[in-house]
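Working through the structure, step by step
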Amino acid sequence: MNAIRIDGKAIAEDLRARVARDVASLKAEWSVIPGLAVVLVGKNPASSVYVKTKARQAQALGFKSQQFLLPGDVGEAELLEVIEELNADESIDGILVQLPLPGHIDLWRVLEAIDPAKDVDGFHPYNVGRLAAGRPALAPCTPLGVVHLIRTVVSNLSGLDVVVIGRSNIIGKPLALLLGDAGCTVTGAQLQTRNLPDFCRKADIVVAAAGCAGLVRGDWLKPGAIVIDVGINRTIDSRGTAKLVGDVDFAEASKRASYITPVPGGVGPMTVAYLLANTVNAAVSRRRLSLVVNPEARHIWPSCDREQDGAVDLQRAT
Ligand code: GUN
């Protein structure tokens, strides 16, 4: 079998086009320009690239886009002050503090300082709890992107067996919740899982998010499995060239899987696209607006397909 590549770049472009249409509707119907503020502490080269990409794409789609580049030795109090100002700023709908933060800053104090209504990363315990309880919530961007990619190749996830390797707060845990809500039987695995290859061999879908280059081998996969590679590992190849590789041995896995995401160009672009989608979602929810979007876009708003939450009325065309 030669797996078909799931083209995350093209799918993200399509999602961004839908988000751009929503941004235009918000402006035309409600004179609202959604605002995204991205905060970076220090000069981690990878984080700097991510933050620039997020801010640039937001601007390109018509958002108000602000970047706050703080020195690596900024005090926690000063960072919290920036967040407080952004919480109070009516023109800002989404606040993202790029992780990781330097060790002298308390991660949870920062995440909990962000107004949950502007928490477009979905990392605040308020949103984490609501997601777990099946209530409308801002959900983390990478898991939303993973579910979206899976849905492009299999529309009904009900009853499928999924192994998610990795149990991080950013990816593995929320992804297990979203897939469970979609009807999957989810095994939350990790590097320490005994007989990890055997768990994978029984799965219809394997999602690798362990941060371990080439972990998932071809013979770990059931023939025809769907493979989603969330890993982004920087390695040096045999010629001394720096290379980005995923958590899956792509060449081997391609011979067994039915569909597979590449690295780069798979999950990565979806994360940024969902950040923008979440920012529109936050702009709409915060103002209690009613926004009608293309019915085909329903699945990009998983939280809106759940039970509606009191006054928040995200009316969707059917
Ligand atoms: N660092 C790596 N991924 C992410 C993400 O999705 N959000 C934030 N804020 N930081 C990250």
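Look up: the structure comes first, before these words.
Since the structure is predicted, the reported quantities are computational estimates derived from the model, not experimental observations. (Residues numbered from 1 in each chain as written. Predicted model: local features only at pLDDT ≥ 70, side-chain atom pairs only at ≥ 80, totals over all residues. Heavy atoms only, no water.)

There is about 1200 Å³ of room inside the largest pocket. In this structure, the largest pocket is lined by 46 residues; those nearest its centre are Tyr50, Thr142, Ile232, Gly268 and Thr271. Looking at the lining of the largest pocket, the elements that each hand over two or more residues are helix H2 (45-60), strand S4 (94-97), helix H6 (141-153), strand S9 (233-236) and helix H10 (268-286). When residues in the lining of the largest pocket are grouped by element, the largest group, six residues, is from H2. Per-class residue counts for the lining of the largest pocket are 25 nonpolar, 14 polar and seven charged. (1 Å grid on protein atoms, 1.4 Å probe; cavity = no way out; pocket = protein on both sides within 12 Å on 5 of 7 lines; lining within 4 Å. Points joined across faces, edges and corners; volume = space filled by probe spheres on them. Helix = DSSP H or I, 4+ residues; strand = E, 2+ residues; numbered from the N terminus. Nonpolar A, V, L, I, M, F, W, Y, C, P; charged D, E, K, R; others polar.)

The immediate surroundings of the ligand are formed by Leu96, Val97, Gln98, Leu99, Asp121 and Phe123. In the model, a nitrogen atom of the ligand is placed 2.8 Å from a nitrogen or oxygen of the Val97 main chain. For the ligand, a nitrogen atom lies 2.9 Å from a polar atom in the backbone of Leu99. Protein contact buries 81% of the 280 Å² of open area that the ligand shows by itself. (Near = heavy atom within 4 Å. Polar contact = N/O pair within 3.5 Å; in protein donor to acceptor, adjacent residues only side chain to side chain. Areas by Shrake-Rupley, 256 points an atom, 1.4 Å probe, with all protein chains shown as cover.)

On to the pattern of salt bridges. Note on pairing: side chains with opposite charge can pair once their charged atoms come close. For the coordinates displayed, the defined rule picks out ten salt bridges. Note that Glu90 is salt-bridged to Arg286, the shortest N-O span being 3.8 Å. Linking Glu90 in the loop between helix H3 (76-88) and S4 with Arg286 in helix H10, this pair joins segments that are 196 residues apart in sequence. Salt-bridge contacts for Arg286 lead to Asp93; the nearest nitrogen and oxygen are separated by 3.0 Å. Residue Arg286 is found in helix H10, and its partner Asp93 is found in the loop between H3 and S4; the two are separated by 193 residues along the sequence. (Salt bridge = Lys/Arg side-chain N within 4 Å of Asp/Glu carboxyl O.)

The strand order across the open sheet built from six strands is S1-S11-S8-S7-S5-S6, with neighbouring strands paired in parallel fashion. In the strand order of this sheet, the two ends are held by strand S1 (4-5) and strand S6 (185-189), each with one partner. Packed on one face of the sheet, H6 meets strand S7 (205-208), strand S8 (226-229) and strand S11 (259-260) and runs near 155° to S8. (Pairing = 2+ DSSP bridges. Contact = heavy atoms within 4.5 Å. Axes fitted to C-alpha atoms, helices over the stretch in contact; angles between N-to-C directions.)

We now examine the packing of H2 against H10. Here H2 crosses H10 at 50°, and the two axes come no closer than 10 Å. Taken together, the axes of H2 and H10 lie oblique to each other. Relative to H10, the crossing made by H2 is right-handed. Contacts between H2 and H10 involve Thr53, Lys54, Gln57 and Ala58 from the former and Val272, Leu275 and Leu276 from the latter. (Parallel < 35°, antiparallel > 145°, perpendicular 65-115°, else oblique. Left-handed = near helix turned anticlockwise from the far one by under 90°.)

With that out of the way, let us pick up the sheet that holds S4. Ordered in space as S3-S2-S4, the three strands form an open sheet in which the pairing is parallel. At either end of the open sheet lies a strand with only one pairing partner, and these are strand S3 (64-70) and S4. Between one strand axis and the next, the sheet turns by 15° as a mean value, whatever way the strands run. Where H3 meets the sheet, it contacts strand S2 (35-41), S3 and S4, and its direction lies at approximately 170° from that of S3. Relative to S2, H10 is tilted by about 130°, and along the sheet it contacts S2 and S4.

Here we come to helix H1 (residues 8-30). With 23 residues, H1 extends 32 Å between its outermost C-alpha atoms, agreeing within 8% with the 33 Å of an ideal straight helix rising 1.5 Å per residue. When we look at burial in H1, the residues that qualify are Gly8, Ile11, Ala12, Leu15, Arg16, Arg18, Val19, Asp22, Val23, Ser25 and Leu26. The secondary structure elements touched by the buried residues of H1 are H2, H6 and H10. Where H1 begins, one side-chain oxygen reaches toward the backbone nitrogen of Lys9, 3.2 Å away; that side chain belongs to Asp7. Once H1 finishes, Ser31 follows within two positions and takes phi at roughly 55°, a positive value. (Expected span 1.5 Å × (residues − 1). Buried < 20%, exposed > 50% of the residue type's maximum accessible area, 1.4 Å probe, protein only.)

None of this, on its own, says anything about what the molecule does.
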